[in-house]
Amino acid sequence: MRSIAVIGASLAGYSAAQQLRAQGFGGRLVLVGDEVHPPYDRPPLSKDFLLGKVDADALALGEKSDLDDLEAQWLVGDPAVRLSRTDGAVELLSGERVGVDGVVIATGATPRRLPGTEGIAGIHTLRTLDDAARLREQLTSASRVVVIGAGFIGAEVASSCSYLGADVTVVEAAELPLVHALGRSMAAACAELHGDHGVRTRFGVGVAGILSAAGQVTGVRLASGEELPADVVVVGIGVRPNTGWLADSGLTIEDGVRCDAGGITDLPNIAAVGDVAQVHRPHLGYATRTEHWAAATAQPRAAVRNLLAGTTVEHHDDTPYFWSDQYGSRIQFAGSVTPGAQARVVEGDVEDRSFLTHYEHEGRLVAVLAFNQPKAFGRARRQIAKPGLVAA
Amino acid sequence: MVAVCRVEELPPGESTRVWADVAVAVFNADGEFYAVDDTCTHQDASLSEGFLEGCFVECPLHAAFFDLRTGMPTCLPAKRPVRTHPVTIEDGVIHVHVTANTSQQSENAQEQEAVA
């Protein structure tokens, strides 16, 4: 393989480019990114960046010398719009065509928006540096903020807004946020953090509409009829994978780009990594996307190896891991809460917001969750039963 | 030079944190003692809370490993090495000799401490 294009220049794409060079690929390397910024780290956007504790420069994933070391051609601010089925070339919005032998798809995902809210000022999603800069600019201590969606992004934004002195309400359609990911008792422990810190919650109620005047949001109307006044609305209701540009590629697109257990698509010269990749999980018997930071750094290692080998020789190590910092607590989770798994606090106390929980299923440790217990978590994470690590 | 603790108070596989102008993480890696700046060069995470594997410590947040002998990170996201500091044992007490704060790296570490 003499030329490879990595489409997407965020964490997964940048990691893939690094892996290509680290694994000895000496050919032409092209990085295509839809954002103009050099690769940057997204997790701080909802936390320290929103709080003004760090600036954009501090988020860079690599220093200039690291980027130079890749000896890559950078095509940024110019999203890919088509992958041609006939010749495998990648077309960019500008009209430029990138002809290569291999492709790594790392185009990530885009936040879902509330339908019918386009053009109303004050309604935000949070994914990119520009999103975060816009939100930060609008937040003042007097802001009335409504966060729609109480997943981790929503909770972190609510935490940051409340820290800045804003008046914050979190709205969530589910009766208990994160109950599927964490189970009932642990989801409740997370949900209680809002109230601990003076943030109001409205769980189990949908959003009926957005209120606005002169093109500026003024509030959120709930399905219950309640109206919450708001100057700022942040929508955190999940993401959809960026696969529109692949409509003509001939690749199987479901919820993301279908890949085998080693990140290779229907074609041996095309890999997919990060949020956009729907990876087959042999131990589960189906394919899933993993929207975690750790997956975006880990998947490129095997995917690049398989791409360069021309066949899948290695599977992903697919024990999920993620963390969230909110309301001064560091929450860490690893594994998968299988149906029927039982949560058991094994260290510390939920009341103290400092504890380690094991999830056990049929005598096996399948997941661990920690609040403010990084050391215990680091040990426990290694004890999780490893179903997915299989040599192909 | 800063006294950390007695040797028997830091058994193999354990780590602790001391304040010596900056926060310093001290490790007992299978009988060898090492000290490095406590704050991960990437982001706000305390290396003394990281998992120790041989003479490598894992950042508790991002799972980047640092070589305690050199301070060098082994993978993304850490971009820069952490500073290493000599360790001596005197009368059964572990001491850390913190390197002078002259490099830009140490300034960064101080800034991060100030933020934390």
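Everything quoted here is computed from the prediction, not taken from an experiment.

> Would you take a moment to explain the overall build of chain B for this structure?
A count of helical and extended segments in chain B gives one helix and ten strands. The helix and strand sequence of chain B, counted from the amino end, reads β-β-β-β-β-β-β-β-β-β-α. Burial status across chain B gives 51% buried among its 116 residues. Residue pairs in contact within chain B that sit at least 24 positions apart in sequence constitute 38% of those at least 6 positions apart.

> Explanation requested: the side chain of E35(A) in the structure shown.
Residue and element names in this part refer to chain A. Within the secondary structure, E35 sits in the loop between strand 2 (28–33) and helix 2 (64–69). Look at E35 and you get buried, because its relative accessible area is 16%. A distance of 2.5 Å separates the side chain of E35 from the side chain of Y40, its partner in a polar contact. Polar contacts involving the side chain of E35 include one to the side chain of R42, which spans 3.2 Å. If sequence neighbours within four positions are ignored, E35 has contacts with Y40, R42, V76, G77, T128 and L129.

> Can you walk me through the side chain of T169(A) in this structure?
Mapping T169(A) onto the fold places it in strand 11 (residues 167–172). In this structure, T169(A) is in contact with V145(A), V146(A), V147(A), R200(A), R202(A) and L228(A), ignoring residues within four places of it in sequence.

> What is the right way to look at helix 6 (residues 184–196) of chain A in this model?
The periodicity of an α-helix, 3.6 residues per turn, causes residues three or four places apart in sequence to face the same way. All names here are of chain A. The terminal C-alpha atoms of helix 6, which comprises 13 residues, lie 18 Å apart, in line with the 18 Å expected from a rise of 1.5 Å per residue. Among the residues making up helix 6, those that are buried are M186, A187, A189, C190, A191, L193 and H194. Count one or two residues on from helix 6 and you reach G198, which has phi positive near 75°.

> Explain the nonpolar core here, please?
Soluble, globular proteins show a tendency: their nonpolar side chains are buried together. If you look at the biggest cluster of nonpolar residues, it comprises 53 residues, and the most contacted ones within it are F27(B) and L47(B). Residue contacts for L47(B): discarding those within four places in its chain leaves A25(B), F27(B), V36(B), D37(B), D38(B), C40(B), V57(B), C59(B), P60(B), F66(B) and V82(B). Counting 42 residues, the second largest nonpolar core, distinct from the first, contains L129(A), A132(A), V147(A) and V366(A).

> For this particular structure, what's the right way to read the confidence of the model for chain B?
In low-pLDDT regions, the fine details of the predicted coordinates are not to be read closely. Residues and elements named next belong to chain B. Averaged over all residues, the pLDDT of chain B equals 82, while 79% of them reach at least 70. Looking at the elements of chain B, mean pLDDT is at its lowest for helix 1 (residues 104–115), recorded as 43, and at its highest for strand 10 (residues 93–96), recorded as 96. Per-residue pLDDT stays below 50 along residues 102–116; that stretch engages in 20 contacts with residues further than four places along the chain or on separate chains. Scored as a complex, the prediction yields pTM 0.91 and ipTM 0.78.

About the criteria used
Residues numbered from 1 in each chain as written. Chains lettered and ligands numbered in written order. Predicted model: local features only at pLDDT ≥ 70, side-chain atom pairs only at ≥ 80, totals over all residues. Heavy atoms only, no water. Helix = DSSP H or I, 4+ residues; strand = E, 2+ residues; numbered from the N terminus. Buried < 20%, exposed > 50% of the residue type's maximum accessible area, 1.4 Å probe, protein only. Contact = heavy atoms within 4.5 Å. Polar contact = N/O pair within 3.5 Å; in protein donor to acceptor, adjacent residues only side chain to side chain. Expected span 1.5 Å × (residues − 1). Core = buried A, V, L, I, M, F, W, Y, C linked by side-chain atoms within 4.5 Å. pLDDT = per-residue confidence, 0-100.

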